[in-house]
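Coordinate analysis (summary)
Here are the chains, one letter per residue:
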Amino acid sequence: MPFNRKAHKFNASINEVEIGTGDKAIKLGGENTFPFYSFDGSLGSGPKIGVEITDLGLDAEPEGVKAYYAGCNTIGEIAKKAAEMPGGDFVVLRLAGGDPNGANKSVDDLVAVAKEVADAIDTPLVVEGCKNVEKDADLLAKVAGALQGKNILVMSAKEENYKAIGAAAGLAYGQKVGAESAVDINLAKQLNVVMTQLGVPASSIVMNTGSAAVGYGFDYTISTFDRVRAAALGQDDKMLQMPIITPVASETWAVKESTAAEEDADEGWGPVEARGISMEVQTATACLVSGSDAVILKHPESVKTISRLIRELV
Amino acid sequence: MALSGIQIFKLTPKKNCKECGCPTCMAFSMKVAQGAKQISECPHMSAEALEQLSEATAPPMKTIKVGTGDNEHTLGGETVLYRHEKTFVNKTVYAANICTCMDDAEIDAKLAQVPSVDYDRINERMYTEMINVNFGKDTTPERFAEVAKKAAAVRPIILSVKDEAAAKAALDAVKDTKPVLDGADASNYETFSKLATDAGVVLGVGGASIDELYDTVQKLEKLGNKNLILDVTMDSIKATFEAAVVIRRAALADGDRSFGYPSIVKVNKLTDDRELQQSLVALFTLKYGSIVVVDTMDYAMALPLYGLRQNLFTDPQKPMKVAPGIYPINGADENSVCLTTVDFALTYFLVSGELERSGVPCNLIISDAGGLSVLTSWAAGKLSATSISKYVQENVEGKIKNRTLIIPGKVAVLKGDLENKLPGWKIVVAPLEAVQLVKFLKDMKANGEI
Ligand code: B12
Ligand code: SF4
């Protein structure tokens, strides 16, 4: 008997969300199959890669990242270089300096940084907050306003502050909104429901359903992706059909494997930077094959590798 | 194909004698169909019926063993495609590659490198479990056998070879170590099946396409050989991914038993690029590789990979917890400084590992936080100033004289509240990540703070 191949097709698809403007604009989502299952259907525009920079400059970055940006003195120059990184599709500005328990930069200063970045690049821009929900509510709303017309994606709208961020970014200024929830399908859905009730069109929402470095609670991340996609495609659940974006670099470059200097690490671990790249590459791969439509990375080597993976599989 | 209760019922003796513990043969049949009873529990079943039924009620994917003794690995036996449906049972094993095309020095160096990656993570041993021995061009059977023997002394091996004489020579040398003979295809399956069966080893079978592979598996099954592993490596990354997914799905979702075998993916054949290899090994860990072969497994590649695998194969229903208590580290006593964290096993092992490395005697205090990570338990209200202070007052103050408590950096917000709730204690906020503890404690010590 020859192999009787059963088709696994869905009558639903993931929304296609455009970010950026002009020639360099990109679309996230659009697929009607599980990740990379091109043998079952369409992958839409295929997964995309964001290149992360932060307002904190390069001092704390790994050597390979510093080397890539060598000669850049302003955040605008860094952004321009990030936009040119081979394999990258968009730039991600993480406003980490806003953290009240960290550098605690003012909202005005950070809005100015966001403007400088947006003016320096013609690729799509994604802006992430500082993780403090009160500060982000104010900061991201103002960033959305200041960059009106750029069609940026404003991340980090959470249960606690989605009203401020959603209303500003998604309604007042016509930007795209990133809905961030904590590794749970019900929380992801709930946030999309309330966000659309607020009036933000479903087609303007991208989800961040949670992320972690592999080995650090990543089991829940995988299952959340798996279940979200099964519901979106298998049950045509409109409130889970948003494309998924996953910050990878900010998780993977913080864990021990990527930070312990060779002399402080366990025996045999070898140079720290190679370990950091491995963490980033493998976590990004795992996110993409589980459901992310876009991953946010920062090391040029990781961006190169993941873009090659995507090219091979799309 | 799984049988329905009615189909099973037709094969029962219909005596309704209740000896199986069910009121009727029909009730028994229903239970068997659901997997709640074994067909062998009916003592009156005819031999033909038994054969027909055991075939039909067998698990969808075979469990295959390779290697021997402590080096035996169990592959396959999965019942679901996604980990939230049911726990995955047999974790992916990894193999490093050597080839007879390498010179002896290179082979010896690689064989020496393989055991160098070997460590514990949350009570699980992490190491490269197997070695793939590839038959290079122009290799004599003697050399292949000799290299195989060397490799088999280090780890269970996969013999990747399509040359019959070489396969035979190698099997003669290493068959007792239970290697995989990976070399059967549409052209040689009869001879290779005989080689594998005679040697009592698992046969790896490949093909140029999914259809060709299927055809060859069916022919092997007809020869009576069901001790198989499917080599799903095709000529491109895309085709290999498709094969890995389509084959596992056919077995588990569509009940096609001929594809119900573990798989092997040779990532080393798909690209020479090390970075892309590590991306692919992660990919095929998630998508259905039972054995994945890479050129070289070094620490940088292993650390994330084994963490990923550990996450993937955990039981989705129950978090891994440790018992609340005072854990003295580095010979700590009642005068040693105290630190606190949660009872999530991963967190506990990461934190206690760093504390040990610091060499500083200290007491690690674990209170009940529902088995959740620091931020998760804090967000869930299970780790609070109240929960910590209560635990410290009830279980620590009577036993420990030291009054400095170091708290995780991620819950720095608890400091003020803890100071109020724990009079007499000095509350110190630690850095965010456990890895920073070594320096932090050494600095505190140098400054005379502890
Ligand atoms: C997996 C996960 C879950 C799993 C839980 C798994 C588990 N056993 O904990 C599930 C899905 C159940 C879950 C649920 C929730 N989660 Co959750 N979860 C995560 C996730 C993805 C990973 C957590 C993890 O395993 N980390 C790894 C462990 C090892 O980290 P850790 O315990 O913090 O330990 C590290 C450090 O803190 C340090 N450390 C620990 N102790 C000590 C001690 C000292 C002295 C020192 C120096 C250092 C130190 O060492 C470790 C390594 O460096 C994180 C996001 C992320 N990427 O972190 C969100 C996250 C923690 N979850 C979050 C939330 C909100 C929740 C929920 C409350 C959501 C909800 N509304 O229901 C629920 C609560 C659970 C409940 N109701 O029972 C938020 C917390 C937000 C916040 N800042 O407060 C996070 C950050 C996600 C997010 N960005 O929104 N979650
Ligand atoms: S033991 Fe067999 S024959 Fe007797 S009731 Fe059960 S199924 Fe029927």
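That block above? That's the structure.
Now for a quick tour of the structure. (Residues numbered from 1 in each chain as written. Chains lettered and ligands numbered in written order. Predicted model: local features only at pLDDT ≥ 70, side-chain atom pairs only at ≥ 80, totals over all residues. Heavy atoms only, no water.)

**Brief notes about the side chain of A:N192**
All names here are of chain A. Take N192: it is sitting in helix α6 (residues 185-197). Among the polar contacts made by the side chain of N192, one reaches the main-chain carbonyl oxygen of M239 at a distance of 2.9 Å. Discounting residues that sit within four places of it in the chain, N192 has contacts with A179, I205, M207, M239, L240 and M242. (Helix = DSSP H or I, 4+ residues; strand = E, 2+ residues; numbered from the N terminus. Polar contact = N/O pair within 3.5 Å; in protein donor to acceptor, adjacent residues only side chain to side chain. Contact = heavy atoms within 4.5 Å.)

**Details of the state of the cysteines**
All names here are of chain B. In the structure shown here, the tally under the stated rule is 1 disulfide over all chains. Residue C99 pairs covalently with C101 via a disulfide, S to S 2.3 Å. Given an S-S torsion of about 130 degrees, the disulfide between C99 and C101 has right-handed geometry. Owing to a relative accessible area of 5%, C99 belongs among the buried residues under this scheme. (Disulfide = S-S within 2.5 Å. Buried < 20%, exposed > 50% of the residue type's maximum accessible area, 1.4 Å probe, protein only.)

**Focus: unusual backbone geometry**
Generally, phi is negative for residues other than glycine and the peptide bonds are trans, each holding for most cases. Of note in this structure, A:N151 is not a glycine but carries a positive phi near 55 degrees. Tracing the sequence through the fold places A:N151 in the loop between α4 (133-146) and β6 (153-157). Here B:N330, not a glycine, exhibits a phi torsion of approximately 55 degrees, which is positive. By the secondary structure assignment, B:N330 is in the loop between β13 (325-329) and β14 (337-341).

**Looking at the site of ligand 1**
Close to ligand 1 lie 36 residues, the nearest being A:S211, B:T341, B:T347, B:S373 and B:E433. Around ligand 1 the close residues trace back to chains A and B. B:T347 places a polar side-chain atom, nitrogen or oxygen, 2.7 Å from an oxygen atom of ligand 1. One of the side-chain N or O atoms of B:T376 is found 3.4 Å from a nitrogen atom in ligand 1. Elements with a contribution of two residues or more to the shell around ligand 1: β14, α12 (345-358) and α13 (374-379) of chain B. For the shell around ligand 1, the element with the highest residue contribution is α13(B), accounting for 5 residues. Classifying every residue of the shell around ligand 1 by side-chain character gives 23 nonpolar, 8 polar and 5 charged. (Near = heavy atom within 4 Å. Nonpolar A, V, L, I, M, F, W, Y, C, P; charged D, E, K, R; others polar.)

**Concerning the interface of chain B and chain A**
Opposite the 52 residues of chain B that make contact, chain A presents 54 residues. Between chain B and chain A, the buried area comes to about 4,500 Å², and carbon and sulfur atoms account for 61% of it. When the buried area of chain B at its contact with chain A is split by residue, B:K238, B:R249 and B:L303 rank highest and sum to 12% of it. Our enumeration of links across chain B and chain A arrives at 5 salt bridges. Note that B:D273 is salt-bridged to A:R308, the shortest N-O span being 4.0 Å. On inspection of chain B and its partner chain A, the count reaches 21 residue pairs in polar contact (both at pLDDT 80 or more). Secondary structure elements with two or more residues in the side of chain B that touches chain A: α8 (210-222), α9 (237-252), α10 (274-286), α11 (299-312) and α12 of chain B. Sorting elements by how many residues they give to the side of chain B that touches chain A places α11(B) first, with 10 residues. (Buried area = accessible area lost by both parts, 1.4 Å probe. Salt bridge = Lys/Arg side-chain N within 4 Å of Asp/Glu carboxyl O.)

**Digging into the nonpolar core**
Most often, soluble globular proteins keep nonpolar side chains buried together rather than apart. Counting 174 residues, the largest nonpolar core has A:Y69 and B:L181 as the members making the most contacts within it. The dominant element in this core, judged by the number of residues it contributes, is α9(B), at 10 residues. Excluding its chain neighbours within four sequence positions, the residues that come into contact with B:L181 are B:L159, B:V161, B:A167, B:L171, B:F192, B:L195, B:A196, B:V201, B:V202, B:L203 and B:G204. In terms of nonpolar packing, the next biggest core, distinct from the first, is built from 43 residues, B:V411, B:L437, B:L441 and B:M444 among them. (Core = buried A, V, L, I, M, F, W, Y, C linked by side-chain atoms within 4.5 Å.)

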